[in-house]
Amino acid sequence: MLDQQLHRARMVSSVAATVISLACGTNYVYSAWAPQFADKLNLTTTESNLIGAAGNLGMYSMGVPIGLFVDNRGPRPAVAAGALLLGLGYYPFRASYENAAGSVPLLCFFSYLTGLGGCMAFQAAVKTSALNWPHHRGTATAFPLAAFGLSAFFFSQVGSLFFPGDTSAFLTVLAAGTFALIFTGFCFLKVYPHTPAYHAVPNGGSGSDTQRLRRTSSSEDGKARGARRFPDVEPGMSTPTTYTTPATSTQAQTDAEAPGPSSPSANAQLRDQTDVESARPPSDEAPDSDVDETSSLMSKSSSLPGDVLVQSSVDMDRSHRVDIRGWRLLSNVDFWQLFTIMGILAGIGLMTINNIGHNVNALWRRFDDSVPESFLVQRQQMHVSILSIGSFGGRLLSGVGSDFLVKVVGASRAWCLVAASLVFCIAQLFALNVSNPHYLGFVSGLSGLGYGFLFGVFPSIVAETFGIHGLSQNWGFMTLSPVISGNIFNLFYGAVFDSHIIVSPDGDRSCYDGIDCYRNAYFVTLGACGLGLIVTLSTIRHQYVARLREAGKGAAED
């Protein structure tokens, strides 16, 4: 009965995480209102892209400190802060649009707040899903990741259905809607414990195959006894939470400290166990106690004497056996390979995501310059929706598909990154050749699909490569990469587009060269796609060789 209640509670928490994520990806709806906003304030394409890039900067640049905050304070404070920042960030855009005036640096600041708020709430949602479903982490995190990708579709559809052609009302929807969705999810978001079975340590033996003993000092014992409960701990916070069974504590300590011969396999097991650090509930306490609700992604040392760390499928996969973070992460070859892949592919996707509205305007003004402004707005929202649906599908497919690759095929999750690279390559080829606006959906759809493949699987790859314990921090480091590449690609697109702009006597800025308005930007991204594919294949090869080396070393120790 208790297991059923916990399962139901985890399901509710997962739904809440998905709802929160649905409000966190509104940076990707920027193209649905950016062209009209730029026209109203007489901004250049480069200035418009600077504002959009500031939102990307907020989403990705603060990943590391936000990861530390989420790991140490738990997911709920980050969700609450994210809701406030999104609401405060979007409202000034509505005021600027109504007044047809605004400072570009100030608008960049408010755009940064929207990205920062989305990042905080989204990281908390993903962490909660990863902790609640450790056996199916790829599938569990795929749903909030997919909802994040679907965010632009959701809000663009709300705008087109209820406020067609009304940019001011749409900005109001973004300010109020993001706050309302995240606050609703906040009420139900919680991390729930997992309770593996415990067994007594034999009185006269040195332990069993399913039990591990870790020696701790007597001084640590006193500290641990005084900190047995943490009444003010937020679920999901990092705490020095380790446990033992009272009946076996003394005997376990004696066995751990007693000198005597031991087999090589036992020594190997004890060495391996030093990398396995996770929080577990005590066998003599109720599963729903405060300490049980505290589950951490931060590794902490055992503090109780003779602490018995029970082996279970939750902890024994690679993501729980390794813990690489901080300065060690920066000296790791895998990190720099993945960092490069993320930067190249995410930058390619962000350029189209932030500028699909300009693509729409350029093609339609060349194809039929008699179309009204309201028609262009609807087309922009349609392509933002196509991008969002593609991203949703890619995130969902890569998350579930990566679990299939690992568990059934026995292949690396990184093959999903190969798929993302190939999809991006095809999207760039379409962008270079589609001059009829009726077929622009191939560009937006494939770009969204590739972007979804990339972000749907990357958190699982990071957890598997560097460990689940520091996932939020490591993911924060990884998302610094799009800050660099996204800005470079977006500003280059703006420079290319502005070079074809014609300014009318009344100050209107338009490009009537069709595909030539932006073609040169996509030549650059096509070359970047090829580079990304090469780096991805080399990363898979490097990881394969490293795993073989680890397996051979482990077999030799046994």
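- The name given to the protein in an unreviewed UniProt entry is Nodulin-like domain-containing protein, and the organism recorded there is Podospora pseudocomata.
- Per UniProt, the protein carries the Subcellular location (unreviewed entry) text "Membrane".

## Re the overall build of the protein
Step number 1: The number of helices and strands found in the protein is 21 helices and four strands.
Step number 2: Taken over 558 residues, the protein has a buried fraction of 58%.
Step number 3: Sequence-distant contacts in the protein: of pairs separated by 6 or more residues, those separated by 24 or more amount to 86%.
Step number 4: Roughly 21,900 Å² of accessible area belongs to the protein as shown, and the carbon and sulfur atoms make up 63% of that amount.

## Description of a nonpolar patch on the surface
Step number 1: A surface patch of nonpolar side chains, about 400 Å² in accessible area, is lined by L84, L88, F179 and F183.
Step number 2: One can find F183 in helix 8 (residues 167–186).

## Structural notes on the side chain of D334
Step number 1: Tracing the backbone shows D334 in helix 15 (residues 333–367).
Step number 2: Those residues in contact with D334, other than ones at most four positions away along the chain, are T465, F466, H542 and Q543.

## Overview of the environment of G67
Step number 1: Assignment of secondary structure puts G67 in helix 4 (residues 63–73).
Step number 2: When the C-alpha atoms of G67 and K127 are compared, they prove to be 9.5 Å apart, with 60 residues separating the residues in sequence.

## Some details on the environment of V158
Step number 1: Secondary-structure assignment places V158 in helix 7 (residues 137–162).
Step number 2: Spatially, the C-alpha atom of V158 lies 9.8 Å from that of L174, the residues being 16 residues apart in sequence.
Step number 3: For V158, the contacting residues outside a window of four places in its chain are F163 and V173.

## Points about the packing of helix 2 (residues 30–41) against helix 15
Step number 1: At a minimum axis separation of 7 Å, helix 2 and helix 15 run at an interaxial angle of 60°. Seen along the crossing, helix 2 lies across helix 15 with a hand that is right-handed. Residues Y30, S31, P35 and D39 of helix 2 pack against I353, N354, N355, I356, G357, H358, N361 and R365 of helix 15.
Step number 2: Here the residues of the contact of helix 2 with helix 15 are counted per class, giving four nonpolar, six polar and two charged.

## Side note on the nonpolar core
Step number 1: Counting residues in hydrophobic clusters, the biggest one holds 120 residues, and the most contacted among them are W33, I182, Y451, L454, F458, M478 and Y518.
Step number 2: If you tally residues by element for this core, the top one is helix 15, at 17 residues.
Step number 3: Setting aside chain neighbours within four positions, we find W33 in contact with Y90, F93, T167, F170, L171 and L174.

## Some thoughts on the state of the cysteines
Step number 1: The full count for this structure, using the stated rule, is one disulfide.
Step number 2: Residue pairing for C511: its cysteine sulfur links by disulfide to C517, the two sulfurs lying 1.8 Å apart. When the S-S torsion is -90°, as for the bridge of C511 with C517, the disulfide is left-handed. Across the pair, C517 and C511 agree in class, each one buried.
Step number 3: Lacking any disulfide linkage, C425 is separated from the closest cysteine sulfur, that of C529, by 4.1 Å.
Step number 4: The buried category is assigned to C425, whose relative accessible area is 16%.

## A look at helix 20 (residues 481–498)
Counting along an α-helix, one turn takes 3.6 residues, and residues three or four places apart therefore face a common direction.
Step number 1: Compared with an ideal rise of 1.5 Å per residue, which puts 18 residues at 26 Å, helix 20 spans 26 Å between its outermost C-alpha atoms and is within 8% of the ideal.
Step number 2: Here helix 20 has its buried residues at S481, P482, V483, S485, G486, F489, N490, Y493, G494, V496, F497 and D498.

## Considering the pattern of salt bridges
Step number 1: Summed over the entire model, instances satisfying the criterion amount to three salt bridges.
Step number 2: Here E373 ties to R365 by a salt bridge, and the two come within 3.9 Å at their closest N and O atoms.
Step number 3: In this structure R365 comes out as buried when scored by relative accessible area, which is 17%.
Step number 4: Close ionic contact of R519 with D516 constitutes a salt bridge, the shortest N to O distance being 3.4 Å.

## Let's talk about the packing of helix 5 (residues 75–99) against helix 6 (residues 104–132)
Helix packing geometry: the angle between the two helix axes and the distance between the axes.
Step number 1: Contact geometry of helix 5 with helix 6 gives a least axis separation of 7 Å together with a crossing angle of 155°. Considering their axes alone, helix 5 and helix 6 lie roughly antiparallel with respect to each other. Helix-helix and strand crossings are classified by hand; for helix 5 and helix 6 the assignment is left-handed.
Step number 2: Looking at the contact of helix 5 with helix 6 residue by residue, the classes come out as 17 nonpolar, eight polar and no charged.

## Examining the environment of A80
Step number 1: Looking at the secondary structure, you find A80 in helix 5.
Step number 2: Separated by 103 residues in sequence, A80 and F183 place their C-alpha atoms 6.9 Å apart.

## Side note on the confidence of the model for the protein
Step number 1: Here the protein averages 76 in pLDDT, and 74% of its residues register 70 or above.
Step number 2: For the protein, per-element mean pLDDT is lowest for strand 2 (residues 307–310), which scores 27, and highest for helix 17 (residues 415–433), which scores 93.
Step number 3: Low pLDDT (under 50) marks residues 197–201, which in the prediction has 14 contacts with non-local residues, meaning those over four places away or in another chain.
Step number 4: Confidence over residues 204–235 falls short of pLDDT 50; this stretch has 74 contacts with residues more than four positions distant or in other chains.

Rules behind the numbers
Residues numbered from 1 in each chain as written. Predicted model: local features only at pLDDT ≥ 70, side-chain atom pairs only at ≥ 80, totals over all residues. Heavy atoms only, no water. UniProt positions renumbered as here; feature names shortened; annotations may be inferred. Helix = DSSP H or I, 4+ residues; strand = E, 2+ residues; numbered from the N terminus. Buried < 20%, exposed > 50% of the residue type's maximum accessible area, 1.4 Å probe, protein only. Contact = heavy atoms within 4.5 Å. Areas by Shrake-Rupley, 256 points an atom, 1.4 Å probe, with all protein chains shown as cover. Patch = residues over 30% accessible without salt bridge, like charges linked within 9 Å, V, L, I, M, F, W, Y side chains within 5 Å. Salt bridge = Lys/Arg side-chain N within 4 Å of Asp/Glu carboxyl O. Axes fitted to C-alpha atoms, helices over the stretch in contact; angles between N-to-C directions. Left-handed = near helix turned anticlockwise from the far one by under 90°. Nonpolar A, V, L, I, M, F, W, Y, C, P; charged D, E, K, R; others polar. Core = buried A, V, L, I, M, F, W, Y, C linked by side-chain atoms within 4.5 Å. Disulfide = S-S within 2.5 Å. Expected span 1.5 Å × (residues − 1). Parallel < 35°, antiparallel > 145°, perpendicular 65-115°, else oblique. pLDDT = per-residue confidence, 0-100.

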